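Descriptive structure summary
The primary structure of each chain is shown beneath.
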Amino acid sequence: RLLVCVGKRLVAAVRPEDTVARFGGDGFVIVCEDTDEARAQELAGQMAAALAEPFDLDGQRVHVRASIGIAVSPPHSAPDLVRFAEAAMYDAKARGRNRVQVFNAALAEESADRLALTNDLRDALARDELVLHYQPLMNLRTGDLLGVEALARWHHPTRGPVSPAKFVAVAEATGLAAALGRWALDRVSRDVAVLRTAMPRGLHVAVNISAAHLSDPGLEDAVLSALQAGRMSADELVLEVTESTMMDNLDHARAVLERLREHGVHSAIDDFGTGYSSLGYLKRLPVSTVKIDRSFIENITEDADALAITSSVVRLAGAMGLTTVAEGVERPEQLAVLRELGCTAAQGFLFSPAVAPATLAEIVKNLPKQHFGAQLAG
Ligand code: C2E
Ligand code: CA
Ligand code: CA
């Protein structure tokens, strides 16, 4: 309903001869013929002004913000025009709220680069050229290894290592996210034998699932075949879904995760605290683990708000019987606070970065001694 209201306001803000279309998600495309860059800027200003007033949805006031990208043709072809406007829009979005950005030479280069990277990623997935590294999650009560999180690593033949933040974003923007997810599940199933040597007392592997993979009708099958291929029991695999992915499509996320839970596969809500949900939602989601975002853990020893938020998440999630995991623990002081709060588990550079499966066993062997020592006595 909000999107319908936004569409109406956009139609009212542009000229009668302009075309307003929704391209999917929360993205709109406005085609303005016989318009130069200055006039396009003016129209963008009008649109932004039209969206600045809050919307009234049954008495609930809702504020939206728009990021606007502009591309002008000539010289661009029609398909490029949409792609370039989108590139400008992403740039506007990255700069902060309510921005307008005109497509320029720097963005053109970036856009071409992204296209090349997309093609390379598609090939790399097909040729199985990525690898998974595994980061330990430590049980804070016992000092034991609780499990590992699988994180994708891509060493590009000419660019060298490409950061996951970059190629995951590329995958998500270009329809490759489900392919990446399928590859990761399959790769885990092939790494299992080696992982078991590091986790003789119970394998627990978490795999990150993107929004597009969550809405892929083949997800359930992909999960079940990975379990079978790796001879894993369902409770050895955890799916991590970010809070914002869940919130963007709450009913669907709930349905998919509930079906998987019926098979015995658990899920975790990732980056908790960065989306728009509240603690109240935890009850409504079929997840068994809450991963508290690194941005809170980062400041937990000096920022009272970060500490208060972490403390209430740990308390409430704990009361609901959920496991709490603190992400990005780098310093012993953070570890001390988290143990004090009763957080179930932690992961971070303090213990180990994500490492190749073959190195995991060696790393894990020394972890508890290093960081918990005598504190665990009794
Ligand atoms: P994430 O799921 O929140 O993963 C945690 C990220 O934090 C990882 O970055 C990890 O290396 C990093 N990290 C762990 N401990 C620390 C710490 O103590 N300090 C700091 N500063 N960072 C720490 P990475 O591997 O670069 O991955 C970034 C994001 O890319 C992940 O965030 C995840 O959203 C995505 N990603 C990675 N692999 C995959 C994948 O196979 N599939 C999907 N869909 N997404 C993936
Ligand atoms: Ca994760
Ligand atoms: Ca995370």
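Anyway, here's the lowdown on the structure attached to this text. In this text the structure is predicted, and so the values were computed from the model without any measurement.

Moving on, we come to unusual backbone geometry. What is expected of a backbone is that most residues other than glycine have negative phi and most peptide bonds are trans. With omega at 0°, the peptide bond leading from Ser 73 into Pro 74 counts as cis. Structurally, the position occupied by Pro 74 is in the loop between β5 (68-70) and α3 (78-94). Note the cis peptide between Pro 74 and Pro 75, where omega equals 15°. Among the secondary structure elements, Pro 75 is positioned in the loop between β5 and α3. Look at Asp 58: it is not a glycine, yet its phi comes out positive at around 50°. With respect to the element layout, Asp 58 can be found in the loop between β3 (55-57) and β4 (60-62).

Across the interface, helix α1 (residues 2-13) lies against helix α2 (residues 37-52) with an axial gap of 9 Å and an inter-helix angle of 140°. The pairing of α1 with α2 is recorded here as oblique in orientation. For the pair α1 and α2, the crossing hand works out as right-handed. Every residue of α2 that contacts α1 at Val 6, Arg 9, Leu 10 and Ala 13 is listed here: Gln 46, Met 47, Ala 50 and Leu 51. Tallied by class, residues from the contact of α1 with α2 come to 6 nonpolar, 1 polar and 1 charged.

With that settled, consider the environment of Arg 61. Within the secondary structure, Arg 61 is located in strand β4. Filtering out sequence-adjacent residues up to four positions away, Arg 61 remains in contact with Pro 54 and Phe 55.

Turning our eyes to something else, we now look at the coordination of the calcium ion (ligand 3). Only Asp 270 (OD), Asp 271 (OD), Glu 327 (OE) and Glu 327 (OE) from the protein coordinate the calcium ion (ligand 3), and they sit 2.1 to 2.7 Å from it. Along the chain, the residues that donate to the calcium ion (ligand 3) are spaced as D-D-x55-E. Between the calcium ion (ligand 3) and the calcium ion (ligand 2) the interatomic distance amounts to 3.8 Å, and Asp 270 serves as a bridging ligand to the pair. Here Asp 271 is found in strand β12 (residues 266-272), whereas its partner Glu 327 is found in the loop between β14 (323-326) and α13 (332-341), with 56 residues between them in sequence.

Now for the coordination of the calcium ion (ligand 2). In this structure, Glu 149 (OE), Asn 208 (OD1), Glu 240 (OE) and Asp 270 (OD) serve as the protein donors to the calcium ion (ligand 2), at separations of 2.1 to 2.3 Å. Expressed as a motif, the donor residue spacing for the calcium ion (ligand 2) is E-x58-N-x31-E-x29-D.

Close to ligand 1 lie 19 residues; Gln 135, Arg 153, Ser 210, Glu 330 and Phe 349 are nearest. Separating a nitrogen atom of ligand 1 from a side-chain N or O atom of Ser 210 is a distance of 3.0 Å. Interatomic distance of 2.7 Å between a backbone N/O atom of Phe 349 and an oxygen atom of ligand 1. Coverage of ligand 1 by the protein chains reaches 81% of its 800 Å² of free accessible surface. Listed by contribution, the elements that provide at least two residues to the shell around ligand 1 are β8 (145-156), α5 (164-173) and β12. Taken together, the residues of the shell around ligand 1 sort by class into 7 nonpolar, 5 polar and 7 charged.

For the pair helix α6 (residues 177-198) and helix α14 (residues 357-371), the least separation of the axes is 8 Å and the interaxial angle reads 10°. What the angle tells us is that α6 and α14 run roughly parallel. Only Pro 357, Ala 358, Leu 360, Ala 361 and Val 364 of α14 make contact with α6, whose side of the interface consists of Asp 191, Val 194, Leu 195, Thr 197 and Ala 198. Of the residues belonging to the contact of α6 with α14, the class tally is 8 nonpolar, 1 polar and 1 charged.

We now examine the side chain of Glu 240. Examined against the element boundaries, Glu 240 turns out to sit in strand β11 (residues 237-242). Looking at Glu 240, the relative accessible area reads 2%, which means it is buried. Residues in contact with Glu 240, not counting those within four places in the same chain, are Glu 149, Ala 206, Val 207, Asn 208, Ile 209, Ala 268, Asp 270 and Lys 291.

A few words on the side chain of Arg 15. Among the secondary structure elements, Arg 15 is positioned in the loop between α1 and β1 (19-24). Judged by its relative accessible area of 15%, Arg 15 falls in the buried class. At 2.8 Å, the side chain of Arg 15 forms a polar contact with the side chain of Asp 18. For Arg 15, the residues in contact, after removing those within four places along its chain, are Cys 32, Glu 33, Asp 34, Thr 35, Arg 39 and Leu 43.

Within this structure, the stated rule accounts for 2 aromatic pairs. Ring geometry for Phe 84 versus Phe 103: centroids 4.2 Å apart, planes at 10°, classification stacked. Residue Phe 84 is located in helix α3, and its partner Phe 103 is located in the loop between β6 (100-102) and α4 (105-126); the two are separated by 19 residues in the primary sequence. Each member of the pair, Phe 84 as well as Phe 103, carries the same accessibility label: buried. With a centroid separation of 5.8 Å and an interplanar angle of 85°, the aromatic rings of Trp 154 and Phe 167 are classed as edge-to-face. Placement of Trp 154 in strand β8 and of Phe 167 in helix α5 is noted, with a sequence separation of 13 residues between them.

What counts, and where the lines are drawn
- Residues numbered from 1 in each chain as written.
- Chains lettered and ligands numbered in written order.
- Predicted model: local features only at pLDDT ≥ 70, side-chain atom pairs only at ≥ 80, totals over all residues.
- Heavy atoms only, no water.
- Helix = DSSP H or I, 4+ residues; strand = E, 2+ residues; numbered from the N terminus.
- Axes fitted to C-alpha atoms, helices over the stretch in contact; angles between N-to-C directions.
- Parallel < 35°, antiparallel > 145°, perpendicular 65-115°, else oblique.
- Left-handed = near helix turned anticlockwise from the far one by under 90°.
- Contact = heavy atoms within 4.5 Å.
- Nonpolar A, V, L, I, M, F, W, Y, C, P; charged D, E, K, R; others polar.
- Donors = N, O, S within 2.8 Å, 3.2 Å for Na, K, Ca; no water.
- Near = heavy atom within 4 Å.
- Polar contact = N/O pair within 3.5 Å; in protein donor to acceptor, adjacent residues only side chain to side chain.
- Areas by Shrake-Rupley, 256 points an atom, 1.4 Å probe, with all protein chains shown as cover.
- Buried < 20%, exposed > 50% of the residue type's maximum accessible area, 1.4 Å probe, protein only.
- Phe/Tyr/Trp six-rings, centres within 6.5 Å; stacked < 30°, edge-to-face > 60°.

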